[in-house]
Amino acid sequence: MCTHDYILSGKNITRVFGQGKNKVVAVDNVSFSFTRGEIISIVGESGSGKTTLAKILLGLLKQSDGDIFYCGKKLNLKERRSRREYWSEVQAVFQDPFSSFNMFYKVETLLRNCLKLRKNKLSKEEQVAAVKDACKSVNLEYEELYDKHPFELSGGQMQRLMIARTFLIRPRVLIADEPTSMIDACSRASILDMLLKLRDENNTTIIFITHDVGLAYYVSNTIYIMEKGRIIERGTADEIILNPKENYTQQLLKDVPKIYESWDLA
Amino acid sequence: MSRKLLKVKNLKTYYKTRMHEKIYAVDGVSLEIEEGKVLGVAGESGCGKSTLAHSLMGLYIPPLYYSQGSIEIDGKEIIIDDKEYLRKNVLGKEISYIPQAAMNALNPTLKIRKFIEDIMAEHRPNLSKKDVYDLAAERFSNLNLSPRVLDAFPNELSGGMKQRTIIAISTILNPKILVADEPTSALDVSSQKIVMKLIKQLLEKQYIKSLIFVTHELPLLYHIADDIVIMYAGEIVERGSSDEVIFDPIHPYSKALMASMLVPEKGAKDQKLVAIPGSPPNLKSVIKGCRFADRCKYADEECRKSKVHEKILDNRIYRCKK
């Protein structure tokens, strides 16, 4: 059990793509620290390096410079075993559910495979019970779905199936990379409810990566604003949204259509 | 009272699946738009708003089929059995369409100018290539798009740029009505605003006369639309001015939609986000009573018995006011 103050933190993380003339600094000297049970949003435009940062946090990309600390220990994912262990505690929900499943497996297998990441082995009956339970938490009918392939499901069902996977693994940290950008405003509410429920049940730290400022304001405790690979402003949700200090943040907020304020289109 | 530009009466269209099942995606929609007005269409995914946008073109390509109803643009009926006539005289000239995903709509092997040359070859064959280029360059610079774009391939442009290019191309013949199907759903807020500015410019410069804007983002719709219709399961459940629909919705479904809005404004954090339970009904079978009854917290036995008809109250149309 992790007792360190910060569950996940990073120091001076930089990631560079390409070299020489084509050099792109996607993430530029970024530092952060997340506490347990906190909900953090990382907000920025397309191309600001949000997704690169998420991939670095998940260990899918190697940072060019800087260190990540998990539970106060420096992260080292060179070995397969350490990666597996890390991924049993840090998990992700991605933007595009269509490309996140193995199309050859049926839903039942897909969900049962997640249980392999758990440390304790379960019997077959226990596995089925756990899977059914997870489906219930995300309002999916297991009996209806288990014999289907992922491409037979609708977009909303797939997105919920992804969240069902995180309910099975019960990670300590969940990185949600634009989890609601593919679904409409009405289903968005139910997806957010499920993620908040996961937080309440397991004290999971959730990192939302999004360009939807309204969503970030609604769910998060802390908001980080990213521009061109740098974190330019951070603060509590109220500080950032109601009193932004940086010009860029003010501009970003101005571009969001709101209900009670005019939206200048001239 | 100004001229009615578009009149849709009881339009019904359906999809036919490979199993020969019919899906009634647009089921008895009636609409009217006055000249110079913007009509917003909102609803959740699968409610038939994109199908409605397609159906308004009058061109039905399988698996979409026409069943009944009429569409009049400026007094002329466009539901006719002559596809060639439609293509030549209606599409692009009277009514035009912006697809949702601009990335997939542009052929990556052609330069942008080639798309415009294609349109002009069909509609104004006596123009030379040079004239077409000049015309396009003028239109592009009027819309604050660099004419340099004309010589680019689609993959050289960013997402927002592609979407703006598509809009400029599809309005090059000055259509009376533009139907925009979620033109900004794939873009971030800053690009979204630039695209919305472009659409506003089209209206101000009178390149288009009226706009139908389809989206599920209500805050966005509120700022662009004069009137809003809310669709559910192939039907219009409510219609009113933007202020009325956003601040004072009548239908239980519209109320639920308004409760799911997220805006970064004071007070939004304390508001409880309410998800609508369940999922929309299966449109393969004809539903007898109210289509929203299964998800509505006010529904009773009466609701499921007979078809709920549209009612009119001071310029507003609604089906139910529970």
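Residues numbered from 1 in each chain as written. Chains lettered and ligands numbered in written order. Predicted model: local features only at pLDDT ≥ 70, side-chain atom pairs only at ≥ 80, totals over all residues.

By the naming in an unreviewed UniProt entry, chain B is Peptide/nickel transport system ATP-binding protein, taken from Paramaledivibacter caminithermalis.

The name recorded for chain A in an unreviewed UniProt entry is Peptide/nickel transport system ATP-binding protein, from Paramaledivibacter caminithermalis.

J.: Quick rundown of the interface of chain A and chain B? Include the residues and the values.
T.: With 32 residues of chain A at the contact, the number on the chain B side is 31 residues. Among the elements of the structure, helix H7 (185-202), helix H8 (213-219), helix H9 (237-242) and helix H10 (247-255) of chain A are those that each provide at least two residues to the side of chain A that touches chain B. Looking at the side of chain A that touches chain B element by element, the count peaks at 8 residues for H7 of chain A. Classifying every residue of the side of chain A that touches chain B gives 20 nonpolar, 5 polar and 7 charged. (Contact = placed C-beta atoms within 7 Å. Helix = DSSP H or I, 4+ residues; strand = E, 2+ residues; numbered from the N terminus. Nonpolar A, V, L, I, M, F, W, Y, C, P; charged D, E, K, R; others polar.)

J.: Break down the sheet that holds strand S2 (residues 22-34) of chain B for me, with residues and values.
T.: In a beta sheet, neighbouring strands are held together by backbone hydrogen bonds and run either parallel or antiparallel to one another. Residues and elements named next belong to chain B. With antiparallel pairing, 4 strands are arranged side by side in an open sheet as S2-S1-S4-S5. In the strand order of this sheet, the two ends are held by S2 and strand S5 (76-77), each with one partner. Pairing between strand S1 (residues 4-16) and strand S4 (residues 64-73): 8 bridges, direction antiparallel. Note on S4: the bridge partner recorded for Lys 12 is Gln 68. (Pairing = 2+ DSSP bridges.)

J.: Go over the sheet that holds strand S9 (residues 222-227) of chain A with me, naming the residues and quoting the values.
T.: All names here are of chain A. Pairing is mixed in the open sheet, where 6 strands are placed in the order S6-S7-S8-S3-S9-S10. A single partner strand is all that each edge strand has here, and the edge strands are strand S6 (90-93) and strand S10 (230-236). Strand-to-strand twist in this sheet, taken as the mean axis angle between neighbours without regard to direction, amounts to 20 degrees. Examined bridge by bridge, strand S3 (residues 39-43) and S9 share 4 bridges and lie parallel to one another. Paired with Ile 40 across the two strands is Thr 222, which belongs to S9. Seen against the sheet, helix H1 (residues 50-58) touches S3, S6, strand S7 (173-177), strand S8 (205-210) and S9 and runs at an angle of roughly 150 degrees to S7. (Axes fitted to C-alpha atoms, helices over the stretch in contact; angles between N-to-C directions.)

J.: Give me the nonpolar core: which residues, what numbers.
T.: Ranked by size, the top nonpolar core spans 161 residues in total, and within it Ala 164 and Ile 207 of chain A together with Ile 230 of chain B carry the most contacts. Residues contacting Ile 230 of chain B, with those up to four places away along its chain left out, are Ala 42, Gly 43, Val 237, Glu 238, Val 245, His 251, Tyr 253, Ser 254 and Leu 257 of chain B. (Core = buried A, V, L, I, M, F, W, Y, C linked by C-beta atoms within 7 Å. Buried ≥ 20, exposed ≤ 12 C-beta atoms within 10 Å, placed from the backbone.)

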